[in-house]
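Fold and geometry: a report
Letter by letter, the chains look like this.
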Amino acid sequence: MPPPFFREVERIMNHFLQVLFDGLLNGLVYALVAAGLSMIWGVMDVINFAHGEFLMVGMYVSYWIGFFLDVDPLFSWIASGAFLFIMGAATYRLIIRNSLGKSAMAPLLATFGLSMVLKNFCMNRFTPNFRLLSGTVLEGKTISVGGAILSVPQLATAAFALVLLACLYWMLKRTRLGWAIQATAMDSEAAELMGIRTENIYLLVFGIGGACVGITGGLMTSYLAVYPEVGSLFSLIAFVVVALGGFGSIPGALLAAIIIGLVESFTGFYVAAVVKYAAVFAVYLAVILIRPKGLFGW
Amino acid sequence: MLRKIAFTVVLCVLGALLLTGVAVAEDKVIKIGALFPLTGPSAVSGQNCLNSVLAAAELINGAYEGFDVPLAATEGLLGGYKVEIIKADHQGKPDVAKSEAERLYNQEGVFAVIGSYNSAATKPASAVAERAKKLFLCGASSSAALTEREYKYFFRHAPTDAIEATEFTDYITYLNEKKGAGIKTLGLIYENTEFGKHAADEGKKAAAKIGLEVVADVPFNNGATNLSSEVQTLKAANPDAVFGAALGGDYSLWVRTMKQVNWLPKIAINFCTGYQNPAVQKELAGDGDYFMGGMSFSPELAKEFMPEALKVQEKFYFPLANQEFDSDSLQEAVMLLVLGQAIEKAGELDTEKVREILATETFVSPLSLSGEVAFEPGGQNIKALSVITQIKDLKYNTIYPEKFKNAEPVYPMAPWDNR
C-alpha cells in the first residue's frame, strides 16, 4: 500500500487522465459532426441550419435498423451514411439550388425551415420518446488506460471519426474530385470555365456533408439515446467548431473539435459543470473577434 | 326572380340556423387549456401529461358505469356541458409559456389552464392567470416556490420538492438507524433550471437538518451532449448518497455515464424526473435498476391503494398514450377532476365562486394516493403524499414509508459488473 501522499497524487492523476480522454473522445465526435458542415459552408458559403436534424435522422435510421432488423450500429452506419448522402443531395437539388441567388438569407432560412420540418416530422411519427438501443455488440464495454476508464462505443466512434476525416482529407488533397471541390470553393466561375461542373460539385458536397453526419449519427446510437431534439446542441457546437477551425478545412475542424472537447471537459470538471458550454461559446466569441477566418480557413 | 329571392332567403335562414346551432353548441362547452411541453427536451413527459388530461376529459364528458370516481357516472358538467381541451405547447421555455397562457385566456377564452409540468414554465404562466384573475391548476410542477407566492388563483396537486427532500432524508435516517447504512455524505446532480435548482436547494436544507455533508453540488445544462464532467465530479467526491433531478433524456444519459465510468453511490434517490417515466426506464432496461425516487403513483402501489386509477388507466389513458400512468401525468388528470368537482359544486361557470370552492373545500380523489385533495392558502395540496420506490425489472417497488412498503430495499445498489 503506497503512502497517502502518493495515493492522493495517483487519484489526482487518474482524474486528470479521465478528463483528458473524455475531452478527446467527445472532441473527435464533434469533429465528425462538424466536418460535413464545414465542407458545405466552405465550398458553397451556405449555412446548413438543418445539420443537427440530419444527425438526428441518421440516428433514427440506425436505431430503426437496429430495432427491426437487429443490425448493430457497427454496421448500420453504412445505411445511415448512404441515406443521409441521398438526403443531403436531395436537399441541395430541391431546396438550396432554388434559394441560391435570391438573397443572402434565402438558403439559411430554407435550411431553417427544413430543420423544423424534420424535427416535427420525427416528433409526429416517432413521438418525443427517448429511444436507446440495447444489447449492441459494444454496449457497456470499457477499457482501462492508466487510471481512466474509456467507453468502447465512444472510442469506436472516435476511431471511425479519425479514419473518416483522414479519408476526407485525402480525397480533398489527393484526388481530382478534391481539387475540383477546392477550385469551386475558391472561384466557382473560374472553375466552371476550366470545365468543372460546379452544379455536380455542389450536389456532391451536400451529399458528402450529409453522409458524414449520417455516419456519425449511425455510430452514436450505440451509446446515446435518440429523440427529435438530440441534434440541437450538437449542431450548435458544430458551428463553433467550424468557425474555430476555418470554413472548409478538415484539419481545422479536427483540431478545433479537439480544442472544444478539451475546453468543455476541463472546464466542466475543474471549474464547474454548469459553465462548460458557456466556456465553449466564449471560445467561439474569442475566435470571431481575434481571427474571424478561423485557424485554417480557406 | 322570385325563385332567386326565395332561394337566397332560405339560404340565409339555413345559415342563421346553422350559426345559431354552432353558438348553442359553443355555449355548452367549457374550454380548458392544457399547457405542456409538447416539444423540446421535456416533450415525452409533456405528451404524457396532455394525454392524461385528455383521458380525464373523456371520463367527465361521458357517462360510465363501474368507476368509483367523481363525475364518471354523469355526462358532462352542470347538466350537459362538455369539457373541451385546448392544447398549447410551451416547449419547456418560460417566455413561450407566458405568451401561450395569454393566448389561451385572452384569445381562446378558456375557463382555466392546467399545466405546465416544468416549474420554470408554470411560474410565468400562472402569473398571467393571477393578473387576469383566472384559474391555473398545476398537477406536477414541484418547485416549492410556486406555492410560496400567496397566489389566489393557483392550485397545485404535487408534493413540493421540500416535502420530497424531507422524505428522502427521513429515509436515509431510517436506513442509518435501522440498517446501519452509514450514509454520511451527499452529492446532488440537477438540471440548471427553476425545478432543478429548487430541488437541490431543498435537498441541501433537508440534508443539513440530519447532518448529511454535501460533498458534490453538480448543476448541468439540460439537453447536454454528454455528462462526462458531471459524473466525473460526482465520482471524484464519491458521496454515499446522490439526489438527482434530471428529466427524460438527461436522466438516461446520467445513468449510462455512471455505468461507463463504473461508479455508483450507495443509494441514488430522484425527485420527479426521468426516473418516474416508464418509457425512459424501458429504454434503460436493466441499467435503471436499483435507483430510487419519490412517487405518488406506480402500478404496484395502485393495485393496493389506488385501484380506480388502474381502471381509468386501462379504459381512458392507455388507448391514448400506449403506456401506463406515471406520477406526473396522473396528477394532471386529478387536477381536471378536482376542477370539475368544484364547477359542479359552484353550480355555474363563475371563476370567483369556483376559486372559493377550490380554496376552501376538500375533494374526493380516488386517483390520489391520499384519496383526498385540499388546498392551503397559496394553493398547495395539503393532502399530497408520496412514497419512495426502487425500480427493479421495470417494477417500482415501494420501500418507504412502512405503511405503503411492499418490498425490501436493495441496499447498497448492485455494482455495474454484478448485475
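Just above sits the structure.
Remember, predicted model here, so these are calculated numbers, not experimental data. For every chain, the first residue of the written sequence is number 1, and numbering continues from 1 along that sequence. Each chain takes a letter, starting from A, and each ligand takes a number, starting from 1, following the order in which they are written. Only residues with pLDDT of at least 70 are given local features in this predicted model, and only at 80 or more are side-chain atom pairs given and counted; all residues enter the totals for whole chains, interfaces and linings.

1. Some thoughts on the overall build of chain B
Helix and strand content of chain B: 13 helices and 14 strands. Note on method: radius of gyration uses C-alpha positions; expected globular size equals 2.2 Å times residues raised to 0.38. The globule rule puts the C-alpha radius of gyration for 419 residues at 22 Å, and the 23 Å found for chain B is close to it. Each principal axis of the C-alpha atoms in chain B carries an extent, and together these give about 95 × 40 × 40 Å. Here a residue counts as buried when 20 or more other C-beta atoms sit within 10 Å of its C-beta, as exposed when there are 12 or fewer, and as partly exposed otherwise, the C-beta atoms being derived from the backbone. Counting across all 419 residues of chain B, residues that qualify as buried make up 58%. A pair of residues counts as a contact when their C-beta atoms, built from backbone coordinates, are separated by no more than 7 Å. Across chain B, contacts joining residues at least 24 apart in sequence account for 70% of those joining residues at least 6 apart. The numbering of helices and of strands both runs from the N terminus, where a helix is a DSSP run of H or I of at least 4 residues and a strand a run of E of at least 2.

2. As for the environment of alanine 245 of chain B
All names here are of chain B. Here alanine 245 lies in strand β8 (residues 241-245). Classification of alanine 245 by C-beta neighbours within 10 Å gives buried; the count is 30. In sequence terms alanine 245 and asparagine 397 are 152 residues apart; their C-alpha atoms lie 20 Å from each other. Residues contacting alanine 245, with those up to four places away along its chain left out, are Tyr190, Glu191, Phe195, Gly196, Ala199, Ala200, Phe271 and Thr273.

3. Let's talk about the pairing of strand β13 (residues 387-392) of chain B
Residue and element names in this part refer to chain B. Burial analysis of β13 places five of its six residues in the buried class, the great majority of the element. One ladder, built from four bridges, connects strand β10 (residues 292-295) with β13; its direction is antiparallel. Note on β13: the bridge partner recorded for methionine 292 is glutamine 390. The rule for pairing is simple: two strands pair if DSSP sees at least two bridges between them. Here β13 pairs with strand β14 (residues 395-400) via five bridges, running antiparallel. Bridge assignment links glutamine 390 to a residue of β14, and that residue is asparagine 397.

4. A word on the packing of helix α2 (residues 51-69) of chain A against helix α8 (residues 198-220) of chain A
Helices that pack against each other are described as a pair by the angle of their axes relative to one another and the distance between those axes. Residue and element names in this part refer to chain A. Lines are fitted to the C-alpha atoms to define the axes, a helix being fitted only along its stretch in contact, and any angle between axes, read from their N-to-C directions, falls within 0 to 180 degrees. Close contact between α2 and α8 brings their axes to 7 Å; oriented N to C, the two are set at 50°. One way to sum up the angle between α2 and α8 is to call them oblique. You can see that α2 and α8 cross each other, and the crossing is right-handed. Two secondary-structure elements touch here, α2 through His51, Phe54, Leu55, Met56, Gly58, Met59, Val61 and Ser62 and α8 through Gly210, Val213, Gly214, Thr216, Gly217, Gly218 and Met220. Orientation labels follow simple angle bins: below 35 degrees gives roughly parallel, above 145 gives roughly antiparallel, 65 to 115 gives roughly perpendicular, and whatever is left gives oblique. Take the far helix as the reference: if the near one is turned anticlockwise from it by less than a right angle, the crossing is left-handed, and if turned clockwise, right-handed.

Limitation: the analysis is restricted to geometry and does not speak to function.
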